Amino acid sequence: MQDKARKRLFIGLISGTNFLICVLLALLWVVPYVGLTNIHPYAGWVLGAAVGALIVFLSWSSLGLVLNVLLGRTFPFARRFRGMSIKLFLPLITLLGRLLGMSKEKIRSSFINVNNELVLSEAARYRPEEILLLMPHCLQNSRCDRRLTYNIHNCKRCGKCPIAGLLDLQEKYGVHLAIATGGTIARRIVVQTRPKMIVAVACERDLSSGIQDVYPLPAYGVLNMRPHGPCLDTQVALQDVEEALLKFLDPAFLPSETEDREAKAGPRGRVVSSGQAAGAEAVGDGAAG
Ligand code: SF4
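Residues numbered from 1 in each chain as written. Predicted model: local features only at pLDDT ≥ 70, side-chain atom pairs only at ≥ 80, totals over all residues.

**Topic: the sheet that holds strand S5 (residues 219–223)**
Ordered in space as S3-S2-S4-S5, the four strands form an open sheet in which the pairing is parallel. Both outer strands of the open sheet, strand S3 (176–180) and S5, are each paired with one neighbouring strand and no more. When strand polarity is set aside, the average angle formed by the axes of neighbouring strands in this sheet is 20 degrees. Its contacts with the sheet put helix H7 (residues 204–214) on strand S2 (131–136), strand S4 (197–202) and S5, and the angle it makes with S5 is roughly 175 degrees. (Pairing = 2+ DSSP bridges. Helix = DSSP H or I, 4+ residues; strand = E, 2+ residues; numbered from the N terminus. Axes fitted to C-alpha atoms, helices over the stretch in contact; angles between N-to-C directions. Contact = placed C-beta atoms within 7 Å.)

Right, here's the structure in full:
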């Protein structure tokens, strides 16, 4: 699906969801209002003010998201609603999309695309040790008997699967690289490595749930390819992973030949200092719980 089509789908679904919620909330006010005056003369207005505030909040959150996606940058007060809106709206968007006959995969793919844009719009740059490359175990060749979950360096780099190339990328840029066999291990890896930014490779389902899980930590998703069906000998384009890395790595830590490429592309973003944790501690606490 083209990026523009994904954006349009996301914006359409989020607007439709917001409209339905607002109508529902308005009804919740109108119906009791008829009888509320019998309880207290101002009871109806108090409830109305509360419902009005909720409507404004939801509209502002969705508008902030839509503007963020369209214009590629964050707005005052909209950024703080990002995670909440994504957490709140994604299940509703999925529900509405399913009611309209769209596939879950299509909706999730749209969400991942928009999430990536939102993460990019925050325009932060990180040191290599602050970035975690998180891979699914299905990238490993199914006939390979090396145990990689606890130590990816057990790979003998025969080149029969993308793990060998990913290890090359790790060595080149000095980032963390790990393989997760599921959500629990992925959360443990995040707690142990305490990254400030994650570049994750997975299918639509695992990426969309993972992005929600690690919030407020920014996670950029790269979809894997499944030529043999789901969860078996999946593939990822190393170039896509490297390009994603280069969007977030602090240029001061790039190898010299990569620096030249970056310089031609022009500067982007700011360096995140160690005090500006993008929520690693919050994730650590939350995941540990
Ligand atoms: S590169 Fe070779 S040794 Fe490493 S995980 Fe893949 S198949 Fe196994």
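Now that the structure is up, let's keep going.
**Some details on the packing of helix H5 (residues 163–173) against helix H8 (residues 238–248)**
For the pair H5 and H8, the least separation of the axes is 10 Å and the interaxial angle reads 25 degrees. Classified by the angle between their axes, H5 and H8 sit roughly parallel to one another. Considering the relative orientation of H5 and H8, their crossing is right-handed. From H5, Gly165, Leu166, Leu169 and Tyr173 reach across to H8, where they touch Leu238, Val241, Glu242 and Leu245. Residues that form the contact of H5 with H8 fall into these classes: six nonpolar, one polar and one charged. (Parallel < 35°, antiparallel > 145°, perpendicular 65-115°, else oblique. Left-handed = near helix turned anticlockwise from the far one by under 90°. Nonpolar A, V, L, I, M, F, W, Y, C, P; charged D, E, K, R; others polar.)

**Considering the site of the ligand**
Neighbouring the ligand are 13 residues, the closest being Asn141, Cys144, Cys155, Cys158 and Cys161. Its residues placed into classes, the shell around the ligand shows six nonpolar, three polar and four charged. (Near = placed C-beta within 6 Å.)

**Notes on the environment of Cys231**
Its location among the elements puts Cys231 in the loop between S5 and H8. Each C-alpha atom of the pair Cys231 and Pro136 lies 8.7 Å from the other, and the pair is 95 residues apart in sequence.

**Looking at the packing of helix H6 (residues 183–193) against H7**
As a packed pair, H6 and H7 sit with axes 11 Å apart at the nearest point and diverge in direction by 40 degrees. As summarised for this structure, H6 and H7 are arranged oblique, according to the angle between their axes. Once H6 is placed against H7, the crossing between them reads as right-handed. Here Gly183, Ala186, Arg187 and Val190 of H6 lie close against H7, whose contacting residues are Ser209, Gly210, Asp213 and Val214. Of the residues contributing to the contact of H6 with H7, the split by class is three nonpolar, three polar and two charged.

**Some remarks on the nonpolar core**
Ile131, Leu133, Leu134, Ile198, Val199 and Val241 are the most contacted members of the largest nonpolar core, which has 52 residues in total. Each of domain 1 (3–117) and domain 2 (124–288) gives at least three residues to this core. Each residue touching Leu133, except ones within four places of it in the same chain, is listed here: Leu166, Gln170, Val175, His176, Leu177, Val199 and Val241. (Core = buried A, V, L, I, M, F, W, Y, C linked by C-beta atoms within 7 Å. Buried ≥ 20, exposed ≤ 12 C-beta atoms within 10 Å, placed from the backbone. Domains from an automatic or database assignment.)

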